[in-house]
Amino acid sequence: MAASPRTSIGFEVLLSALKNEGDVESTLNILNVLDELLSAGTDRRIHYLISKGGSEALLSVLVNTGLSFCPNYTVLLPLLHLLAKVGHRDSRIGLKAEETGAVLLTLNLLKHNAKHVKMAAACLWVIEVFSSSVSAANVIGENHGLDVIFHLIPQYTTKNLHTIKAAINAFTALLCSKANVCSVISKGYISGLLHLYEDWHSKDTQHTAIEIRHMLLRCLHKVTHNNPGRQAFISKGGLRLLYHTTQTDLLIKGLESLIEPSVQLMRKCLPKTPLPLTSDQSAYTFLLPGRAHAVPDVDMAPDNSSEESDDDDADKQQAESKDYDDDLETDVNRLCLRPDLDRPIELLPQYGHLCPELSHDFKELNLSSEPEESSPSSDEEAVLLNTFSPHSTRMDRKKGDSNNELSTSSSGSQSETETSTKENTTGAAQLETPDVLCHSSILGCRTTVRELRVEATPGLKGNEQVEEQEGGEEFPHCTMIDMLLKRHGACIPHHEPQLYRAVATQTKSIPGFSILPFPDFWGHVPPARHEPMVPRKPNIQRQKVFEDVQRFLNTADIINQVVYDLEDSSFSLSLFVSLQCLSDSLRFFSNFECGNLRKAVHIRRYEYDLILNADANCSQHTQWFYFEVSNMVADVPYRFNVINCEKSNSQFNYGMQPVLYSVREALEGRPHWTRTGTEICYFRNHFCPAQGRRKTNFYTLTFTITFKHNEDVCYVAYHYPYTYSAMKAHLNVLQKSVDPAIVFFRQQILCSTLAGNLCPVVTITACPASRAWKDMHQLRNRPCIVLTSRVHPGESNASWVMKGTLEFLCSSDLVAQCLREAFVFKIIPMLNPDGVINGTNRCDLNSKDLNRQWCKPDPILSPTIYHTKGFLYYLNSIGRTPLVFCDYHGHSRKKNVFLYGCSVKETLWQSGSAVDTLGLKEDPGYRGLQTGTRELQEMGVKFCHSLLSVTKDMKALYDRRLSNHIGLDHNILDHKSHNFFEDDEPPCVEEIEYSTNCPTLKGTDLDSDINSNMAIEDEDEDGDGIGQRGAKQQQGSIGVLQQSNMKSCLFPDSIGQASIKTLIEKRNKCQGVSIVNGQITS
Ligand SMILES: [Zn+2]
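Model, not experiment: these values are computed from the prediction. (Residues numbered from 1 in each chain as written. Predicted model: local features only at pLDDT ≥ 70, side-chain atom pairs only at ≥ 80, totals over all residues. Heavy atoms only, no water.)

Q: Give a detailed account of the overall build of the chain, specifying residues and quantitative values.
A: In terms of regular secondary structure, the chain is built from 43 helices and 25 strands. Taking the contacts inside the chain whose residues are at least 6 apart along the sequence as the reference set, 79% of them involve residues at least 24 apart. When the accessible area of the chain is evaluated, it comes to approximately 44,600 Å², of which 53% is carbon and sulfur surface. (Helix = DSSP H or I, 4+ residues; strand = E, 2+ residues; numbered from the N terminus. Contact = heavy atoms within 4.5 Å. Areas by Shrake-Rupley, 256 points an atom, 1.4 Å probe, with all protein chains shown as cover.)

Q: Residue-level account of the packing of helix α2 (residues 24-40) against helix α3 (residues 43-51), with values.
A: The contact between α2 and α3 brings their axes to 7 Å, and the two run at 135°. In terms of orientation, α2 and α3 fall into the oblique class. Contacts from Leu34, Leu37, Leu38 and Ala40 of α2 reach α3 at Arg45, Ile46 and Leu49. Along the lines of polarity and charge, the residues of the contact of α2 with α3 split into six nonpolar, no polar and one charged. (Axes fitted to C-alpha atoms, helices over the stretch in contact; angles between N-to-C directions. Parallel < 35°, antiparallel > 145°, perpendicular 65-115°, else oblique. Nonpolar A, V, L, I, M, F, W, Y, C, P; charged D, E, K, R; others polar.)

Q: Describe in detail the pattern of salt bridges, supporting the description with residues and values.
A: When the charged atoms of two side chains with opposite charge come close together, those side chains can pair. Counted according to the given criterion, the structure contains 34 salt bridges. With a closest N to O distance of 2.9 Å, Glu357 and Lys826 form a salt bridge. In this pair, Glu357 is assigned in helix α19 (residues 356-359) and Lys826 in strand β18 (residues 824-828), connecting sequence segments 469 residues apart. You can call Lys826 buried: its relative accessible area is 0%. Measuring nitrogen to oxygen at the nearest pair gives 3.0 Å for the salt bridge that ties Glu567 to Arg598. Separated by 31 residues along the polypeptide, Glu567 in the loop between β3 (561-565) and α29 (573-580) and Arg598 in the loop between β4 (587-589) and β5 (599-604) bring together distant segments of the chain. Looking at Glu567, the relative accessible area reads 44%, which means it is partly exposed. (Salt bridge = Lys/Arg side-chain N within 4 Å of Asp/Glu carboxyl O. Buried < 20%, exposed > 50% of the residue type's maximum accessible area, 1.4 Å probe, protein only.)

Q: Give me helix α9 (residues 134-142): which residues, what numbers.
A: Among the residues making up α9, those that are buried are Ala136, Ala137, Ile140 and Gly141. For α9, the angular spread of buried residues about the axis comes to 140°, placing them on one side. In this structure, the buried residues of α9 make contact with α6 (93-100), α7 (102-112), α8 (117-130), α10 (145-150), α11 (161-174) and α12 (178-186). Of the residues one or two after α9, His144 is the one with positive phi, at around 65°. (Arc of directions from axis to C-beta.)

Q: Break down the coordination of the zinc ion for me, with residues and values.
A: Within the protein, the zinc ion binds to His792 (ND1), Glu795 (OE), Glu795 (OE) and His889 (ND1); these donor distances fall in the range 2.0 to 2.2 Å. Its four donor atoms give the zinc ion angles of 59 to 151° at the centre, a pattern that matches the irregular case. Note on Glu795: relative accessible area 11%, which makes it buried. (Donors = N, O, S within 2.8 Å, 3.2 Å for Na, K, Ca; no water. Tetrahedral: all angles 85-135°; square planar, octahedral: opposite > 155°, others 65-115°.)

Q: Summarise the sheet that holds strand β17 (residues 784-789); cite the residues concerned and give the values.
A: Hydrogen bonds between backbone atoms are what pair the strands of a sheet, whose relative direction is either parallel or antiparallel. One open sheet holds the five strands; their spatial order is β15-β16-β18-β17-β19, and the pairing between them is mixed. A strand with exactly one partner marks an edge of an open sheet, and here the two such strands are β15 (743-752) and β19 (884-888). Strand-to-strand twist in this sheet, taken as the mean axis angle between neighbours without regard to direction, amounts to 15°. The pairing of β17 with β19 spans five bridges and is classified as parallel. For Leu787, the partnering residue across the bridge sits in β19 and is Cys886. (Pairing = 2+ DSSP bridges.)

Q: So what's going on with the sheet that holds β4? Which residues, and what values?
A: Strand order in the open sheet made by the five strands is β4-β7-β14-β9-β10, with antiparallel pairing throughout. The open sheet has two free edges, formed respectively by β4 and β10 (673-675), since each of these has just one partner strand. The average angle at which neighbouring strand axes cross in this sheet is 30°, direction not considered.

Q: Describe the confidence of the model for the chain, with residues and values.
A: Per-chain confidence: the chain averages 76 in pLDDT, with 69% of residues scoring 70 or above. Across residues 296-332, where pLDDT falls below 50, the model places 71 contacts with residues more than four positions away in sequence or in other chains. A low-confidence stretch, residues 966-985 (pLDDT under 50), is modelled with 41 contacts involving residues beyond four sequence positions or located in other chains. (pLDDT = per-residue confidence, 0-100.)

Q: Describe helix α26 (residues 497-504), naming the residues involved and giving the relevant values.
A: For α26, a buried count of eight out of eight residues is recorded, marking the element as mostly surrounded by other parts of the structure. For α26, the set of buried residues is Pro497, Gln498, Leu499, Tyr500, Arg501, Ala502, Val503 and Ala504.

Q: Would you mind going over the pairing of β15 in detail, with residue names and values included?
A: In terms of burial, β15 is a largely internal element, 10 of the 10 residues being buried. In this antiparallel pair of consecutive strands, β15 and strand β16 (residues 758-766), the connection spans five residues, and Gly756 shows a positive phi of 90°.

Q: Tell me about the nonpolar core, residues and numbers included.
A: Among the nonpolar cores identified, the biggest contains 116 residues, and Phe588, Phe640, Ile764, Leu819 and Phe825 are the most heavily contacted of them. Filtering out sequence-adjacent residues up to four positions away, Phe825 remains in contact with Val762, Thr763, Ile764, Ile785, Leu787, Leu809, Leu819, Arg820 and Leu947. Counting residues in each nonpolar core, the second largest holds 106 residues, with Val103, Trp125, Ala137 and Ala232 among its members. (Core = buried A, V, L, I, M, F, W, Y, C linked by side-chain atoms within 4.5 Å.)

Following this line, the structure appears as structure tokens:
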């Protein structure tokens, strides 16, 4: 289509004729032919012309004609039109124009023809096109081009719209240069632009000049690219003006194209506001072993670039997003080929004890009628098990006692472990084991829950009885908790509140938590129904931006009162209650395991800003939240804004809701975390770090909750919490649940963490059928499968999946039995206990992402990674390299369940075997749902099912024993999966970033403007019918815009027709070129 050989020859012929031609008529003819050709073809034809020097040819004609003593406007006008059309597609037109001297020439032509609307428009288009080069734009700016052009933009009028549009666009185009933007700001043109916008807005009552209003907004976008521009915009009342114009525009249909750029402009110009914190550093600091002081994280370089533009921001944003896709290693160069051992081989045998199934003699198989005595002996598990509370149920106590006895009998190995634990954790000394109050005692302290309590336990009065602390001795009488449990105790599978409390007393946190969050104590069962994604209401973000803008405009409405501060002791529990009881504001609390809320600020009557705590010892990674809220009024929508999120996008923009747990609901028999919240959206906000030292963008997650009950106590979280204490309690419950004659279940300690918490490793496999050599041999040759999770504390979903896996592997399900008989499972359910406990999102107390420590883990600073890796080395060294190693994670911006495989390249290299090339697979089964804990646990089960396919030996076993088992058909081994990248998230319905450029208006382009410039019948130009066409062209009369659909109208019709005729007649003169159907033939 573009350039047949004949066309190409034709172009070259025409171009050379154009350069050489002297007389006006021939030049006009050639210009007309070129325009016809270019209009008939596609852009590719124009690009071809450009490649053949078309731009240079046109520029040289322009310069030759324009420099003549008396410029010939008959030639200049069509020439400028064609130049604009061609230059628009030539990315180097500005440079070429500078080289030929056409830039200043065009500006001078404009100055001389400012009152001649057609010539002025033509010059303006050409200037717009030249401004694709910053240096050309600078030349125009330095020669007062901005002033000339700005004064061509009048107050509201119905005349000359054509030229006015050209002027605004040229002015906007010139703002590609920083110098021009600065000059515009210093000359006060922002105020002028705002006045123009206001004038056009108020007088364009018929909305016939929407395009011009849009162009003015686009221009305002450009001048607010830097800080001085944004400041000028604010100080000249831009925010108020746009807010009000937008409110009236919203009432009228068809003004959508003005609303969106206005909203983006307001968001962009909202003044940067430091977070109301004294320091960006986490409220939690932890003294690392070997360090005299807590060391702040390194990312504290001063931010000198106050002149940053949004373009820079956009670049940075990309870099940030890239950094953040942490769970997918995409850089092949960073993958290493079969790494060498990172430690002396002599250190490996220490992990031998983590394979108890290899040394265990299974003597108890002969005593299987007495399972109580079958518990294992020489293990650290006793340390884990002796956390049983003496006042738990009778059965528990019996178990606990027996375990205590065991721990006594095996005290040698236990104390050994404790010693090594202490050696590893010099930092642990500063943490004291907290006196853990059950959360119900908090409830008792508060007016709100006093009612609950009274309701629940009519016999009790006052608070004293519930503030009993956990001691070592037997409880003399029924506690508050016991009463509550007795009366309301939901039967939650694999959860025992008393056991949870007992375990939690051993959990070591930086602040020394003494309160249990009620949901973790009481337990959670998933609600009966599935929870689908919530369809997003249209324009919700826009509405929120308006509300945020109002905060600046109506400052009198703002309460701005801190109602919770993690660092301020006056908000600590006892004082907190008395201080706050008088206030009718919501009360917040987060000083408990996994809690994360640093500060809450009451903004407007039913609106609160929430600030999250950065990861310990660090000033970043705010995303996870979990807090208690109380003192609410029922049926009132409260707006919450989490204002310092860091990730650039979130599933909260795509139908996900936060989760809520109501104590009152729980006590009424519905102990559910449920998805909650309306008007949810996630967008970049105007906050910046408190000390302004880091160049960080923050994002707001906003949601609205309408509480069901008055004065309830509720918990709100990013996702279903799963605490370290819950994990430990769960393992203990599981251990009690299995039949030790059938399931070999061992809890051991991998190592102690920095804060002195124990990191459990669990072994699950089947007990041998007998102690016969054959059975024992089979046991000791079972391949290992190693599963880990929760290296990232914010990914609590991984723990729920792991919970599903653990429960399934301990169950009597046939598949589970098969798996236990086929494999030895080594499970480390929580690789980052300290992070989880202290409510961090990404890191350990060391402020390091543990998942980035695998290459060279430090034994002191990253003990869980160091020892997990050591254990894997050990398995490898005894010829038991795991058949499967899987680390469970969550992902904040992807839906559903998926597997990231290893690098194919690396796997092939290291294993020397052929593997599938499928990297990432998705099971689409959960599409459209918000995953609940039921689904998460089910994923853990399904993952186990899929392990059946790992071994060939299993196939036979599977076929023989499981063919009739429900749900176990070939679907499990062979379920349909999707290439994950096929259908990624659709674009967000609303722009979540500031647009770097104003959204474009549909149906406007330079070509049609240029065409219509000539299509206007001269007689209509100003209605007063002065003179002849030629005369009018040179007098610069006023025209009324009429849109034209003509494809090619560079020339007035009459000239066009005539010139083609002439050209064809003069075919020979043009060296045998003719036009057939828009194609040149020669
Ligand atoms: Zn992760």
